[in-house]
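Each chain is listed here by its residues.
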Amino acid sequence: DTIHLTLQLNEPGTLWCSAGLPDASPSTTFCKLSEYQGEDPAEDCFFETFVKGVASKETVFRVDAHHAFQDYVIEVNRILTKDTADSTALPAQTDFEILCFAEDDWAIEAASAAVKSPNF
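Read on for an overview of the structure. (Residues numbered from 1 in each chain as written. Predicted model: local features only at pLDDT ≥ 70, side-chain atom pairs only at ≥ 80, totals over all residues. Heavy atoms only, no water.)

**As for the overall build of the protein chain**
Inclusion rule: The way it works is that DSSP assigns letters per residue, a run of H or I at least four long becomes a helix, a run of E at least two long becomes a strand, and they are numbered from the N terminus. Classification of residues uses two cut-offs on accessible area relative to the type maximum, computed with a 1.4 Å probe and protein chains only: under 20% is buried, over 50% is exposed, and between them is partly exposed. Note on contacts: a residue pair is in contact if any heavy atoms of the two residues lie within 4.5 Å. In these tables, accessible area is a Shrake-Rupley quantity obtained with a 1.4 Å probe, and a residue counts as shielded only by the protein chains included in the view.
Helix and strand counts for the protein chain come out as 2 helices and 7 strands. Start at the N end of the protein chain and walk to the C end: the helices and strands fall as β-β-α-β-β-β-β-β-α. In terms of its C-alpha atoms, the protein chain occupies a principal-axis envelope of roughly 55 × 30 × 25 Å. Out of the 120 residues belonging to the protein chain, those deemed buried represent 36%. Contacts in the protein chain between residues at least 24 apart in sequence constitute 65% of all its contacts with a sequence separation of at least 6. Summed over all atoms, the accessible surface of the protein chain reaches about 7300 Å², with 50% contributed by carbon and sulfur.

In structure tokens, the structure reads:
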């Protein structure tokens, strides 16, 4: 199954989304909402790693949003295991928590600006 998300940004940037499990899930294979953490990228369930996905596990669900306040669709159809060693297709009739992450494209804009900022 596939989850279709329609999102907007208020400025150009990149959006990533992924599927996680609710805390009530009996699964121990996948990250649950309360297990996500942002302190240690080497530990299981590091938020940014899971939301941005792993290309070799087919869990990168992203869109480059070039225009502010425009709808962009992201399709999520796999879930990454806690250890990032594998992924599986989203099973039907299962509750998921959808996590998304956005970054503006200031680095691209700053690098191509006619006048460089002293802070870049």
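Next comes the rest of the description.
**Thoughts on the sheet that holds strand S3 (residues 62–65)**
Worth spelling out the cut-off: Pairing between strands requires that DSSP locate at least two bridges from one strand to the other. As a rule, the C-alpha atoms of each element are fitted with a line to give its axis, helices using only the stretch in contact, and angles between N-to-C directions run from 0 to 180 degrees.
Read from one edge of the open sheet, 3 strands run S3-S2-S7, paired in antiparallel fashion. Looking at strand neighbours, the two that pair on one side only are S3 and strand S7 (97–104), the edges of this open sheet. Across this sheet, the average inter-strand angle for adjacent strands is 20°, counted without regard to direction. With 8 bridges joining them, strand S2 (residues 13–20) and S7 adopt antiparallel strand pairing.

**Here we look at the nonpolar core**
The test is simple: Remark: nonpolar core denotes a set of buried residues (Ala, Val, Leu, Ile, Met, Phe, Trp, Tyr, Cys) joined through side-chain atoms within 4.5 Å.
With 16 residues, the main nonpolar core has Ile-74, Val-76, Ile-79, Leu-90 and Phe-96 as its most contacted residues. Elements that contribute at least two residues to this core include exactly S2, S3 and strand S4 (72–76). With residues near it in sequence (within four places) discarded, Phe-96 still touches Ile-3, Ala-19, Gly-20, Leu-21, Pro-22, Ile-79, Leu-90 and Pro-91. Formed by 9 residues, the second largest nonpolar core is a distinct cluster that contains Trp-16, Tyr-36, Cys-45 and Leu-80.

**Things to note about the environment of Cys-31**
Here Cys-31 lies in the loop between S2 and helix H1 (47–52). Once the C-alpha coordinates of Cys-31 and Lys-116 are considered, the two residues, 85 residues apart in sequence, prove to be 42 Å apart. In this structure Cys-31 touches Gly-20, Leu-21, Tyr-36, Cys-45, Phe-50 and Lys-82, once residues within four positions along its chain are discounted.

**Quick word on the pattern of salt bridges**
Filter applied, for reference: The working definition used for a salt bridge is a side-chain nitrogen of Lys or Arg within 4 Å of a carboxyl oxygen of Asp or Glu.
Within this structure, the stated rule accounts for 4 salt bridges. Between Asp-64 and Arg-62 there is a salt bridge, and its shortest N-O distance comes to 2.5 Å. The exposure class of Asp-64 is partly exposed, given its relative accessible area of 33%. Linked by salt bridges that have partners in common, Glu-48, Lys-52 and Glu-103 make up one network.

**Details of the pairing of S4**
Where burial is concerned, the two faces of S4 differ: the one with Tyr-72, Ile-74 and Val-76 is buried and the one with Val-73 and Glu-75 is not. With 5 bridges connecting them, strand S1 (residues 3–7) and S4 associate as antiparallel partners. Among the inter-strand pairings, Leu-7 is bridged to a residue of S4, identified as Tyr-72.

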